[in-house]
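Next come the chains, spelled out residue by residue.
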Amino acid sequence: MSDVKTYPVKTEFQSQALIDNKTYQTMYQASIDNPEQFWAEQAEKLIHWDQKWQSVMDVDYREAKISWFNGAKLNVCYNCVDRHLENNADKTAIIWEGDDPEISESITYRELHEKVCRFANLLKARGVKKGDRVCIYMPMIPEVGYAMLACARIGAVHSVVFGGFSPESLKSRILDSDCKVVITADEGLRGGKKVPLKDNTDTALKHCPDVHTVIVVKYTHAKINWTPERDVDYQQQAATLSSECPVEIMDAEDPLFILYTSGSTGKPKGVLHTCGGYILYAAITHKYVFDHHDNDVYWCTADAGWITGHSYIFYGPLANGATTLVFEGVPTYPDAGRFWQVIDKHKVNTFYTAPTAIRALMGQGEQFVKQASRSSLRLLGTVGEPINPEAWEWYYHTVGDERCPIVDTWWQTETGGILLTPLPGATDLKPGSATRPFFGIKPALMDADGNELEGEASGALVMSQSWPGQMRTVYGDHQRFIDTYFSQYKGYYFSGDGARRDADGYYWITGRMDDVLNVSGHRLGTAEIESALVLHEDVAEAAVVGYPHDIKGQGVYAYVTLMSGQSPSDELKQTLTKLVSQEIGAIAKPDVIQWAPGLPKTRSGKIMRRILRKIASNELDNLGDTSTLADPSVVDDLIENRANR
Ligand code: WTA
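Residues numbered from 1 in each chain as written. Predicted model: local features only at pLDDT ≥ 70, side-chain atom pairs only at ≥ 80, totals over all residues. Heavy atoms only, no water.

- In the nomenclature of an unreviewed UniProt entry, the chain corresponds to Acetyl-coenzyme A synthetase from the organism Pleionea mediterranea.
- Turning to the chain, the UniProt record has this under Sequence similarities (unreviewed entry): "Belongs to the ATP-dependent AMP-binding enzyme family."
- Note on the chain: under the UniProt heading Catalytic activity (unreviewed entry), the record states "acetate + ATP + CoA = acetyl-CoA + AMP + diphosphate". (UniProt positions renumbered as here; feature names shortened; annotations may be inferred.)

Set out below in structure tokens:
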């Protein structure tokens, strides 16, 4: 599109960058023409292996069989911690910035090693062995990283559950992956508010009889209930254990972690990542996308409960021996200048956040930004949802002072790491575009008949070649893995997103093509929210769709049909909102509930979500064909009583 602004790579940036455009082109071509050689070379360079592989990649998309570096052995924790001790033991590994702006801490690689070893010994003392699943339900304090790395050290498989999820969500995740140990804290803090993590854990565990151990990090020292035979005081116990713990040598394809994410149907699925391919992909993308230099201070504002926290707060940066900032708080506490104050305080060079945060801060005016110098900043990044050009421009001009490139990184829990992105020394930027594929990534766009589209086109975004960081299965349900990602387009991985490719070959993500919502960068399944709503005895049926929301990107719009004889009330709306919070977590609360005497359905009983989406978005001109509806008159009522006009 000719009216799109382009920001060419700045020479000042390029002169210090790892990769320029010519190098990108050469390396990219090599990675596509001869992936095995490319990945073998990168694997040698970036990762310590205890034993080399027999084959680089064994992939069959038709059968959804994916394995990388077969026969190789390594330990991910060793790669993230131990191997940096020889030359960089006193380098800061983690800078922790608390919710309270007065509190921060620096942890060197030597200290990280000690903490992780003690934690690993504590897990072992409670009987955790290679292959066991361990649930981590923690605030954003350094111990969440220690816990993850401790699991990796002894070969246990962690499943981190976001601290904002409800006891109900925690319970179903613990049960699904059969975790017998949970790691939590007494409380977390966010924006000055306390999050009762241990209480939530106690509630969840009423229905998890197999959990024999809860390791509790005492953080706020709040009064909590204590089950003596089950609960373990982390600080007290870890101090008594050795600060050395041998690493468990793992097969490249042994599981590293499970992370639950929402799909278009059913319960969240346990995305499984394995050791070798994942750590290589996290490391290489962190290195090149963030143009990592040894003395960088790097900050990704995500939570450890999401894939971004896994790959780009902990695994990727630590594998590269970086200094990574772990932030407990929120962008607006104590005020909307917090991000920029933290950047000045710790001299952050690279800053990676979500468009929703940028939009929220943009709305607060630029004075908060201008109060800080931000002179240390060199590179900015975004992730999680499409960034609207207006927010991009504000980020670029106001936050980055037109000095810092922005990497708009597109990827997913399933992909393990970034797939589409600019490389800051190589790629001319277009606001709103995730630009080009990373090394080894071969994107394609498909039409509705399953044909690959050429040139400028819009379609379903798929990948025709595997990459090392790709998920391997849905935990306990390989058929669901096949059905969700490999059944739509034979021989391709289907992302669930739609995209457009422009004349320069740049990709523009248009959003999900399925019933997955992206609310403030958080992935939510409409089916999950609907299931929560229909738990209420007065509710006969519910349909949830997304609608455009200025700050959140998408808001949650719920149509609710009551049982006959029940009457709508504001009180019931509140009860239903609370129910969703209890069942899933506050992030899933509907922004709008509309009472619907009936839902538009086809004669075969299928809800016509397309129509519901249009009404929720107040796009009434173009409702499409309603003649196939069983009862077209329900649409008139929904339009008449729509909430978003
Ligand atoms: C969306 C987050 C546009 C997309 C890492 C994807 C994006 C889903 C971008 C995955 C981006 C992520 N531009 N959309 N830069 N990044 N998305 O699994 O719809 O929480 O499918 O992983 O977020 O969300 P997930």
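**Let's talk about the environment of H397**
Consideration 1: Among the secondary structure elements, H397 is positioned in helix α16 (residues 389–399).
Consideration 2: Given the relative accessible area of 27%, H397 is considered partly exposed.
Consideration 3: Placed 37 residues apart in sequence, H397 and A360 show a C-alpha to C-alpha distance of 16 Å.
Consideration 4: When residues no more than four places from it in sequence are discounted, the contact partners of H397 are Y7 and E402. (Helix = DSSP H or I, 4+ residues; strand = E, 2+ residues; numbered from the N terminus. Buried < 20%, exposed > 50% of the residue type's maximum accessible area, 1.4 Å probe, protein only. Contact = heavy atoms within 4.5 Å.)

**Comments concerning the pairing of strand β21 (residues 443–446)**
Consideration 1: Residues P443 and L445 of β21 are buried on one face, and the alternating residues A444 and M446, pointing to the opposite face, are buried as well.
Consideration 2: As paired strands, β21 and strand β23 (residues 457–463) are joined by 4 bridges and run antiparallel to one another. Across the sheet, P443 pairs through a bridge with M463, a residue of β23.
Consideration 3: Pairing of β21 with strand β22 (residues 452–453), which is carried by 2 bridges, proceeds in the antiparallel orientation. Bridging across to β22, L445 finds its partner in L453.
Consideration 4: Linking β21 back to β22 in an antiparallel pair, the connection comprises 5 residues, with G450 at a positive phi of about 85 degrees. (Pairing = 2+ DSSP bridges.)

**So, the packing of aromatic side chains**
Consideration 1: A full pass over the atoms with the stated rule returns 45 aromatic pairs.
Consideration 2: An angle of 85 degrees between the planes, with centres 5.7 Å apart, marks the rings of Y288 and F439 as edge-to-face. Note that Y288 is positioned in helix α11 (residues 275–289) and F439 in the loop between β20 (406–409) and β21, a separation of 151 residues in sequence.
Consideration 3: Overall, Y288 belongs to the buried group, its relative accessible area being 9%.
Consideration 4: Its relative accessible area of 0% is what places F439 among the buried residues.
Consideration 5: Here the aromatic rings of Y547 and Y557 are separated by 5.8 Å at their centres, their planes lie at 85 degrees, and the arrangement is edge-to-face. Of the two residues, Y547 is situated in strand β29 (residues 539–549) and Y557 in strand β30 (residues 553–562); the sequence distance between them amounts to 10 residues. Like Y557, Y547 is buried.
Consideration 6: Put simply, the rings of Y24, Y28, F38, W39, W49, W53, W68, F69, Y281, Y288, F438 and F439 pair up and form one aromatic cluster.
Consideration 7: The ring of F165 has R173 lying over it, and the distance from NZ or CZ to the ring centre is 4.4 Å. (Phe/Tyr/Trp six-rings, centres within 6.5 Å; stacked < 30°, edge-to-face > 60°. Lys NZ or Arg CZ within 6 Å of the ring centre and 35° of its normal.)

**Comments concerning the UniProt feature "modified residue: N6-acetyllysine" (unreviewed entry) in the chain**
Consideration 1: Here, UniProt's "modified residue: N6-acetyllysine" (unreviewed entry) annotation points to K606.
Consideration 2: Its place among the elements puts K606 in the loop between β31 (592–595) and α20 (609–616).
Consideration 3: Those residues in contact with K606 that lie beyond four places of it in its chain are P600 and K601.

**Some thoughts on the site of the ligand**
Consideration 1: Close contacts around the ligand come from 17 residues, with D408, T409, T413, D497 and R523 the closest.
Consideration 2: Here T413 contributes a side-chain N or O atom positioned 2.5 Å from an oxygen atom of the ligand.
Consideration 3: Note that an oxygen atom of the ligand is positioned 2.9 Å from one of the side-chain N or O atoms of D497.
Consideration 4: For the ligand, the accessible surface in isolation is 520 Å², of which the surrounding protein chains cover 95%.
Consideration 5: Of all the secondary structure elements, the ones that give two or more residues to the shell around the ligand are α12 (307–319), β20 and β26 (507–512).
Consideration 6: Tallied by class, residues from the shell around the ligand come to 6 nonpolar, 6 polar and 5 charged. (Near = heavy atom within 4 Å. Polar contact = N/O pair within 3.5 Å; in protein donor to acceptor, adjacent residues only side chain to side chain. Areas by Shrake-Rupley, 256 points an atom, 1.4 Å probe, with all protein chains shown as cover. Nonpolar A, V, L, I, M, F, W, Y, C, P; charged D, E, K, R; others polar.)

**A word on the nonpolar core**
Consideration 1: Of all hydrophobic cores here, the largest spans 166 residues; its most connected members are F69, L112, L123, Y315, F439, I529 and V560.
Consideration 2: Sort the elements by how many residues they give to this core and α11 lands first, with 10 residues.
Consideration 3: A domain split of this core shows at least three residues from each of domain 1 (11–500) and domain 2 (520–641).
Consideration 4: Not counting chain neighbours up to four residues away, the residues in contact with I529 comprise L517, L524, V544, V556, V580, I584 and A588.
Consideration 5: Residues W340, L361, I387 and L429 belong to the second largest nonpolar core, which totals 31 residues. (Core = buried A, V, L, I, M, F, W, Y, C linked by side-chain atoms within 4.5 Å. Domains from an automatic or database assignment.)

**Comments concerning the UniProt feature "domain: AMP-dependent synthetase/ligase" (unreviewed entry) in the chain**
Consideration 1: Cross-referencing UniProt, the feature "domain: AMP-dependent synthetase/ligase" (unreviewed entry) maps to residues 82–466 in the present numbering.
Consideration 2: Here residues 82–466 runs as 31% helix and 23% strand, with 30 Å between its end C-alpha atoms.

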